Amino acid sequence: MTDFYIGVDVGTGSVRAALVTCDGHVTRVEVRDISRVSPGPGQYVQSSQEIWSAVCSCIERLLTLEHVNPGQVKGVGFAATCSLVIETRDKCQSDLCGEPGYDIIMWMDHRAKVTAVQCLFVYMTQHFSRRRQRRLTRQVTQCWTLWGAASLSRCRCPSCSG
């Protein structure tokens, strides 16, 4: 019985999964498109549920079409673009685009610009004596996390305000 590995790549517009033999031969690739929403200038969001469904669909189809038993799969590797899922303990979705289910801030979303400037100010103040000057962009995950926390604190959905 042949052993396999699965590689999954989650990109900006699609999920791709490959079934690979132990010697590196790619036996099949499956692709599923995923959507993104732009609720305003510089704002881009996606749905983690849609992405996970696409991942599962790709893997299930790979195994079915190649007649591979799940026990033959010895490992799964994931690669993805740099994005951030924002979710609370009670599964409240922050208002990222005005539609429920869009809980991912994409790598190209620039709503955390002010927070990035604040992070840069703190960094430069703390490290000025070392004369290090690094540029902290608004796409850094820490800035998104701070921005997301502030957004959730203003959330008015029934589960947060109840």
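Residues numbered from 1 in each chain as written. Predicted model: local features only at pLDDT ≥ 70, side-chain atom pairs only at ≥ 80, totals over all residues. Heavy atoms only, no water.

Asks: How should the sheet that holds strand E4 (residues 37-40) be read in this particular structure?
Replies: Strand pairing in a sheet is mediated by backbone hydrogen bonds. Such pairs are either parallel or antiparallel. The sheet built from four strands is open, its strands ordered E4-E5-E8-E7 with antiparallel pairing. Because the sheet does not close on itself, it has two edges, and the strands there are E4 and strand E7 (84-85). In terms of strand pairing, E4 meets strand E5 (residues 43-46) through two bridges, oriented antiparallel. Within E5, the residue paired with Val-37 across the bridge is Val-45. (Pairing = 2+ DSSP bridges. Helix = DSSP H or I, 4+ residues; strand = E, 2+ residues; numbered from the N terminus.)

Asks: Sorry, what's going on with the environment of Gly-75 here?
Replies: Topologically, Gly-75 is positioned in strand E6 (residues 73-80). Between the alpha carbons of Gly-75 and Gly-7 there is a distance of 8.5 Å; along the sequence they are 68 residues apart. Gly-75 has contacts with Phe-4, Tyr-5 and Ile-6, leaving out every residue within four places of it along the chain. (Contact = heavy atoms within 4.5 Å.)

Asks: It is not clear to me how helix H1 (residues 48-65) should be interpreted in this structure. Could you clarify?
Replies: Given 3.6 residues to a turn, an α-helix orients residues that are three or four positions apart in the same direction. Helix length check: H1, at 18 residues, gives a terminal C-alpha distance of 26 Å against a target of 26 Å (1.5 Å per residue), a fit within 8%. Those residues of H1 not exposed but buried are Ile-51, Ala-54, Val-55, Cys-58, Ile-59, Leu-62 and Leu-63. What you see down the axis of H1 is that its buried residues fit within an arc of 160°, all on one side. Seen from the open side of H1, the exposed residues pointing more than 90 degrees away from its buried face are Gln-49, Glu-60 and Thr-64. For H1, the elements touching its buried residues are strand E1 (4-10), strand E2 (14-21), strand E3 (26-33), E5, E6 and strand E8 (104-105). Two or three places before Gln-49, at the start of H1, stands the capping residue Ser-47, its side-chain oxygen 3.3 Å from that residue's backbone nitrogen. Two residues or fewer past H1, His-67 is found with a positive phi of approximately 55°. (Expected span 1.5 Å × (residues − 1). Buried < 20%, exposed > 50% of the residue type's maximum accessible area, 1.4 Å probe, protein only. Arc of directions from axis to C-beta. Polar contact = N/O pair within 3.5 Å; in protein donor to acceptor, adjacent residues only side chain to side chain.)

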